[in-house]
Amino acid sequence: MSYPNQLFLAGQWRDGGGGTFADLNPATEEKLTDVSAASPADVDEAVAAARAQLSGEWAALPGSRRGVILNRVADLIDRDAELLARLEALDIGKPVGQPAVLDLPNAARTFRHFAGWADKITGQVIPTDGYLGRPAHSYTRREPVGVIAAIIPWNTPLMITAWKLAPALAAGNTVVVKPPEDAPLSILHLAKLIEEAGVPDGVVSVLPGLGNVTGQALIDHPGVDKISFTGSPEVGRHVGVAAARSFKRVTLELGGKSPQIILADADLEAAIGGTAMGLFFNQGQVCAAGTRVLVHRSLYTDVVDALAGSASQQVLGDPLDPATTMGALVSKKQQDRVLGYIEKGRSEGARLVTGGARPERPGYFVQPTIFADVHNDMTIAREEIFGPVGSVIPFDDPAEAIRIANTTTYGLAATIWTRDVSAAHALAGQVRAGAVGVNGWAPIDAALPWGGMKSSGVGRELGWSGILANTEEKVVTVVL
Ligand code: NAD
């Protein structure tokens, strides 16, 4: 199999000036390919091409035509879904069935959703007191922000690229994408689909490279109007500071330490299934992973046992084998980080119920791990682990559950398991999180706004909020 490994710069496939970096298969530790890296000069060129299209062929296209092109991208994702799923499995280590059921349909749906918005981005006519005694006609326009730098993490790269590209393009922006160095392949294939769909040259460039070189050149670039970043809070803070220096618009989608609250009246079977998915999907490398499982004390032992049972039923193995339910973590760095947190959990006195080690096999695997008797002030309950590690914490009443749930610097997602509709709405209102699921873990859909409170981020993507985030509002007043 040959892998896409060049830059897609202003409509051309070519090597970058920044050398190459090795892209590994984390399940075998073998090299897949050497990927060409973009230099700051390549970034200059891509930004210039993107700026030129803001008054070029792209700017002249009506929204309905942009919508046609976005629908074509969606159809091409569907056509190549099998290949894209395989690329993500090889590059990230996730079981091939997971991108097939989540990331790829979601990416295609996102392009279709925003294809629908492209010709419906309207302003308002606003009555005023007039101008110096004369009547006036005032209206607003929603205009593209301009050139957007889209910086992508490795955990769900294709889906997150779709979340940034589709609303940006629907609103008439141009975009330079920086894929993650650990998993650039599916985004590079998406660039081929963007080319095939007829997106004019320069509207989208895809520049693989290192974060502190290619990414840094992009966030510092004076020709970039907005940075749309998804990744860690540490890099997110750095991006936010860079944006502030030149007043770039910025959206930050950062990490999480999301609670899953199981009330005493929950449908236990459904709650266990959903909670386990929230812990182990994508090896726990999910920003919305429900890593703090808060359980009513009456169910505590049952839930700990059942989650340990779910962990032991996970099939660790080759991500391309359909029987595999849990693949490898993305890198040695990530494996070491997760094992370090497990050690910290043990040393701080949490009870290791199952897992806790790397299995005896090549690849960056970590066993699915459950800790019980966790206190919310322990490191494993406070910091984002980004691996298959769950902390189970008991509570005695819903008020205590909310207090524990909200005692975190994060606020991305929360899940509530209950049969009591009133309790569900009350707790959904009280928990500080950008997205709350009741009786289902982390529902995501292109029509729903996505983003976090507190350290989980700034701004929202997707839905109408995604259009607002990708447009500037202008007011025009005509004195009559
Ligand atoms: P990361 O912050 O290390 O890297 C993210 C991206 O930033 C990469 O493309 C990287 O190359 C780039 N980067 C690094 N340094 C840079 C710099 N100086 N300038 C510009 N760009 C730079 O994050 P990661 O390890 O790839 O992803 C994991 C993190 O992402 C987790 O914290 C996770 O919670 C978060 N995440 C959040 C969401 C969300 O929607 N909130 C979704 C997925 C992942």
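The structure displayed is predicted, hence computed values, not measured ones.

Procedures and definitions
Residues numbered from 1 in each chain as written. Predicted model: local features only at pLDDT ≥ 70, side-chain atom pairs only at ≥ 80, totals over all residues. Heavy atoms only, no water. Near = heavy atom within 4 Å. Polar contact = N/O pair within 3.5 Å; in protein donor to acceptor, adjacent residues only side chain to side chain. Areas by Shrake-Rupley, 256 points an atom, 1.4 Å probe, with all protein chains shown as cover. Helix = DSSP H or I, 4+ residues; strand = E, 2+ residues; numbered from the N terminus. Nonpolar A, V, L, I, M, F, W, Y, C, P; charged D, E, K, R; others polar. Expected span 1.5 Å × (residues − 1). Buried < 20%, exposed > 50% of the residue type's maximum accessible area, 1.4 Å probe, protein only. Contact = heavy atoms within 4.5 Å. UniProt positions renumbered as here; feature names shortened; annotations may be inferred. Pairing = 2+ DSSP bridges. Core = buried A, V, L, I, M, F, W, Y, C linked by side-chain atoms within 4.5 Å. Salt bridge = Lys/Arg side-chain N within 4 Å of Asp/Glu carboxyl O. Axes fitted to C-alpha atoms, helices over the stretch in contact; angles between N-to-C directions. Phe/Tyr/Trp six-rings, centres within 6.5 Å; stacked < 30°, edge-to-face > 60°.

A.B. asks: Would you explain the site of the ligand in this entry?
C.D. replies: In the region of the ligand, 29 residues are neighbours, and K178, E181, S232, L254 and E384 sit closest. Side-chain polar atom of W154 to an oxygen atom of the ligand: 2.9 Å apart, as the coordinates give it. Taking E181, its side chain carries an N or O atom lying 2.6 Å from an oxygen atom of the ligand. About the coverage of the ligand: the protein hides 89% of its 860 Å² of free accessible area. If you list the elements that add at least two residues to the shell around the ligand, you get α8 (211-220), β10 (226-230) and α9 (233-245). When residues of the shell around the ligand are assigned to their parent elements, the largest contribution, four residues, is made by α8. Each residue belonging to the shell around the ligand can be placed in one class, and the counts come to 16 nonpolar, nine polar and four charged.

A.B. asks: Help me out: how do you make sense of helix α7 (residues 185-196) in this one?
C.D. replies: Side chains three or four residues apart in an α-helix point the same way, a direct result of the helix having 3.6 residues per turn. Under the 1.5 Å per step criterion, the end-to-end length of α7 is 17 Å for 12 residues, consistent within 8% with the ideal 16 Å. With nine of 12 residues buried, α7 lies mostly within the body of the structure. All buried positions along α7 are accounted for by L185, S186, I187, L188, H189, L190, A191, L193 and I194. Residue G198 follows α7 closely and has a positive phi angle near 95°.

A.B. asks: Looking at this model, I keep getting lost on the environment of K226. Mind explaining?
C.D. replies: Here K226 is to be found in strand β10. Taking the relative accessible area as the measure of exposure, K226 reaches 3% and is therefore buried. For K226, the contacting residues outside a window of four places in its chain are V145, V147, I148, A149, R249, V250, T251, A469 and N470.

A.B. asks: What exactly am I supposed to notice about the UniProt feature "active site" (unreviewed entry) in the chain here?
C.D. replies: Here, the residues flagged by UniProt with the feature "active site" (unreviewed entry) are E253. Along the chain, E253 falls in strand β11 (residues 249-253). The contacts of E253, once residues within four sequence positions are left out, are K164, F229, T230, G231, W450, G451, G452, S456, G459, R460 and E461.

A.B. asks: For this particular structure, what's the right way to read the sheet that holds strand β20 (residues 471-479)?
C.D. replies: Two modes of strand pairing occur in sheets, parallel and antiparallel, and in both the strands are linked by backbone hydrogen bonds. Read across the open sheet, the three strands follow the order β5-β6-β20; overall the sheet is antiparallel. Looking at which strands have only one partner, the edges of the open sheet turn out to be β5 (125-126) and β20. Bridging between strand β6 (residues 136-144) and β20 involves nine bridges; their strand directions are antiparallel. Opposite A136, over in β20, you have V479 as the bridge partner.

A.B. asks: Please clarify how the nonpolar core should be interpreted in this entry.
C.D. replies: Soluble globular proteins tend to bury their nonpolar side chains together. Among the nonpolar cores identified, the biggest contains 63 residues, and I77, F111, L165, V177 and V204 are the most heavily contacted of them. It is helix α6 (residues 157-170) that contributes the most residues to this core, 10 residues altogether. Contact partners of V177, with chain neighbours within four places excluded, come to A150, I152, T161, L165, I187, V204, S205, V206 and L207. Membership of the second largest hydrophobic core comes to 28 residues, among which are L329, A350, I380 and L427.

A.B. asks: How should I be thinking about the pattern of salt bridges in this particular structure?
C.D. replies: Pairs can form between side chains of opposite charge whenever their charged atoms are close. Scanning the model with the defined rule gives 23 salt bridges in all. Note that D445 and R109 form a salt bridge whose closest N and O atoms lie 2.6 Å from each other. A residue pair is termed long-range when its members are at least 10 positions apart, and D445 in the loop between β18 (435-438) and β19 (457-458) and R109 in helix α5 (residues 97-117) qualify at 336 residues. Judged by its relative accessible area of 26%, D445 falls in the partly exposed class. Its salt-bridge partner being E143, residue R141 comes within 2.7 Å of it at the nearest N-O pair.

A.B. asks: Honestly, the sheet that holds strand β15 (residues 369-372) in this entry has me stumped. Any pointers?
C.D. replies: Pairing is mixed across the open sheet formed by seven strands, whose spatial order is β14-β15-β16-β13-β12-β17-β18. In the strand order of this sheet, the two ends are held by β14 (351-354) and β18, each with one partner. Strand after strand, the sheet turns through a mean of 25° between neighbouring axes, direction not considered. Sheet topology places strand β17 (residues 413-417) next to β18; four bridges connect them, and they run parallel. Each residue of the ladder has a partner; that of A413, found in β18, is A435.

A.B. asks: How should the packing of aromatic side chains be read in this particular structure?
C.D. replies: Centre-to-centre distance and the angle between the planes together describe a pair of aromatic rings. Tallied over the full model, the rule gives five aromatic pairs. Seen from their ring centres, W117 and W464 are 4.9 Å apart, and the 40° between their planes marks the pair as tilted. On the criterion of sequence distance, the pair formed by W117 in helix α5 and W464 in helix α16 (residues 463-469) is long-range, its members being 347 residues apart. Classification of W464 as partly exposed rests on a relative accessible area of 32%. Their ring planes at 65° and their centres at 6.0 Å tell us that W163 and W450 sit as a pair that is edge-to-face. Pair noted here: W163 is in helix α6 and W450 is in the loop between β18 and β19, with a separation of 287 residues, a long-range link. We classify W163 as buried; its relative accessible area is 5%. A relative accessible area of 5% means that W450 is categorised as buried.

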